[in-house]
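Letter by letter, the chains look like this.
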Amino acid sequence: MQPVRLLILGTGGMAKNHAAHFAAIPGVTLVAGVDTRPEPLAAFQAAHGIAHGFASLGEALAWGGFDAVTNATPDAAHHATTLPLLAAGKHVLCEKPLATNATHAEEMAEAARVAGVVNMVNLSYRNVAALQKAAAMVREGAIGEIRHFEASYLQSWLTQPAWGQWDREPQWLWRLSTAHGSKGVLGDVGIHILDFATFIAGLEAREVSCLLQTFDKAPEGRIGEYVLDANDSATLQLRLTNGALGTVAATRFATGHLNDLRLRIFGLAGGLEVSFEKAESRLRACLGPDAQTATWTEIDCPPVPTIYQRFIAAIRGEGPCEPDFARGAGLQRLLDRAEASARGGGCLLAL
């Protein structure tokens with residue numbers, strides 16, 4: 001088994017999740033952490049048994065005692081921190097979104113191609129068993145040529161405190177402020193549901209129209225240093241490359257839905273309903289003769305490996321590098337065009 005020495009870049013909430021998952025994979029050693037803040041870095045090292053800590057990426061690269069990196073820095077830092085890693089020939093798993101604009105994302109994808117290293121973006125819902133099974137069924141022709149779909153990603157943390165007090169905690173407040181690097185619900189979770197829908201369909205978007213809405217949430221629209229100007233709800237219409245139409249919605253005001261994704265997709269030979277609700281995935285299908293009676297059947301979905309396992313497998317030459325930076329860049333182009341559409345009042349734009 002090929003050993004993999006892993007460096008963790010950033011030590012926030014997502015980094016803790018990465019550390020726990022990677023540490024559980026045989027042959028993977030967490031060798032170093034990087035954070036500009038000395039106290040969180042020291043605490044992170046102690047919690048995960050990491051021997052080396054660096055205050056900058058430059059110091060870590062000068063040391064060089066690692067093979068791969070998981071980049072768990074804030075969104076706005078992905079571009080500047082990933083490019084030096086690729087230039088140094090390190091394999092990289094980057095948190096989503098790959099970058100905050102398509103130009104940077106495309107630069108990262110091209111740099112990864114030139115470097116010839118494993119490059120993957122953490123689109124975490126690729127770990128959902130029902131998503132992978134549905135995608136396989138579509139590829140096999142189970143529902144025929146796709147004609148229509150409906151997708152949604154519903155959260156409710158702006159209406160209840162199940163995950164914490166959004167108006168008091170920085171981990172939530174930054175997601176509501178463009179000055180703090182947020183692209184709103186569109187960039188934060190819209191990227192997931194757009195990947196969810198188009199990956200299962202096996203088709204890319206050809207045109208998009210989008211409306212975004214930011215709601216008043218505090219006096220004068222701010223809480224302390226946080227100006228609450230990022231979008232809270234998004235609705236999109238897509239035309240796919242084969243002409244199929246679909247709608248996509250994302251919001252943080254879906255009372256009763258903590259963190260739920262759903263897709264209904266219809267073809268000439270059948271339909272699929274894919275859901276991930278209350279951390280459980282489900283797939284239902286209406287196929288062939290059942291279409292005459294609108295009878296839906298539960299489909300068994302075997303477990304799938306996590307993104308962390310797939311990243312290490314790709315490094316070891318045991319699996320595909322998917323989703324890669326090229327996919328992340330494609331999704332960022334779609335997000336950029338959606339934002340441009342919203343600025344134009346929801347006009348239809350080609351990709």
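What this report covers is the structure whose coordinates are included nearby. (Residues numbered from 1 in each chain as written. Predicted model: local features only at pLDDT ≥ 70, side-chain atom pairs only at ≥ 80, totals over all residues. Heavy atoms only, no water.)

**Brief notes about the sheet that holds strand 15 (residues 280-287)**
Turning to step 1, where the next piece is worked out: If you walk across this open sheet you meet the 9 strands as 16-15-14-13-7-12-11-8-17, and the pairing is mixed. Only two strands of the sheet have a single partner each, and these edge strands are strand 16 (297-298) and strand 17 (349-350).
Turning to step 2, where the next piece is worked out: Two strands pair when backbone bridges link them, and strand 15 and strand 16 are joined in this way by 2 bridges, in the antiparallel orientation. Within strand 16, the residue paired with Arg284 across the bridge is Glu298.
Turning to step 3, where the next piece is worked out: Packing against the sheet, helix 6 (residues 129-139) makes contact with strand 7 (146-155), strand 14 (270-277) and strand 15, and its axis sits at approximately 25 degrees to strand 15.
Turning to step 4, where the next piece is worked out: With respect to the sheet, helix 8 (residues 184-201) is in contact with strand 7, strand 8 (205-213), strand 11 (233-240), strand 12 (245-251), strand 13 (259-267) and strand 14, its orientation differing from that of strand 7 by roughly 150 degrees. (Pairing = 2+ DSSP bridges. Helix = DSSP H or I, 4+ residues; strand = E, 2+ residues; numbered from the N terminus. Contact = heavy atoms within 4.5 Å. Axes fitted to C-alpha atoms, helices over the stretch in contact; angles between N-to-C directions.)

**Some thoughts on the sheet that holds strand 6 (residues 119-122)**
Within a sheet, adjacent strands bond to each other through the backbone by hydrogen bonds, running parallel or antiparallel.
Turning to step 1, where the next piece is worked out: One open sheet holds the 6 strands; their spatial order is 3-2-1-4-5-6, and the pairing between them is parallel. At either end of the open sheet lies a strand with only one pairing partner, and these are strand 3 (52-54) and strand 6. Ignoring which end each strand starts from, the neighbouring axes of this sheet average 25 degrees apart.

**Looking at helix 2 (residues 38-48)**
Turning to step 1, where the next piece is worked out: For helix 2, the full list of buried residues reads Leu41, Phe44 and Gln45. Within helix 2, the buried residues cover an arc of 100 degrees as seen down the axis, which keeps them to one side. Opposite the buried face of helix 2, by more than 90 degrees, sit the exposed residues Glu39, Ala46 and Ala47.
Turning to step 2, where the next piece is worked out: In the core, the buried residues of helix 2 are packed alongside strand 1 (4-9), helix 1 (13-23), strand 2 (28-34) and strand 3.
Turning to step 3, where the next piece is worked out: Gly49 sits one or two positions beyond helix 2 and adopts a positive phi of about 65 degrees. (Buried < 20%, exposed > 50% of the residue type's maximum accessible area, 1.4 Å probe, protein only. Arc of directions from axis to C-beta.)

**A few points about the packing of helix 4 (residues 78-87) against helix 5 (residues 102-115)**
Turning to step 1, where the next piece is worked out: Look at helix 4 against helix 5: their axes get within 10 Å of each other, and the N-to-C directions meet at 10 degrees. Considered as vectors, helix 4 and helix 5 are oriented roughly parallel to each other. When helix 4 is examined against helix 5, the residues His78, His79, Thr82, Leu83 and Leu86 are found in contact with a partner set consisting of His104, Glu107, Met108, Ala111, Ala112 and Ala115.
Turning to step 2, where the next piece is worked out: The residue inventory of the contact of helix 4 with helix 5, partitioned by class, reads 6 nonpolar, 4 polar and 1 charged. (Parallel < 35°, antiparallel > 145°, perpendicular 65-115°, else oblique. Nonpolar A, V, L, I, M, F, W, Y, C, P; charged D, E, K, R; others polar.)

**Topic: the environment of Ala32**
Turning to step 1, where the next piece is worked out: As for its placement among the helices and strands, Ala32 is situated in strand 2.
Turning to step 2, where the next piece is worked out: With relative accessibility at 0%, the residue Ala32 sits in the buried group.
Turning to step 3, where the next piece is worked out: Separated by 187 residues in the primary sequence, Ala32 and Pro219 place their C-alpha atoms 43 Å from one another.
Turning to step 4, where the next piece is worked out: Not counting the four nearest positions on each side in its chain, Ala32 is found in contact with Leu6, Leu7, Ile8, Ile50, His52, Phe54 and Trp63.

**Observations concerning the state of the cysteines**
Turning to step 1, where the next piece is worked out: In this structure the tally under the stated criterion is 0 disulfides.
Turning to step 2, where the next piece is worked out: Here Cys301 stays free of any disulfide, with the sulfur of Cys286 as its closest cysteine sulfur at 16 Å.
Turning to step 3, where the next piece is worked out: Relative accessible area serves as the criterion here: at 19%, Cys301 is assigned to the buried category. (Disulfide = S-S within 2.5 Å.)

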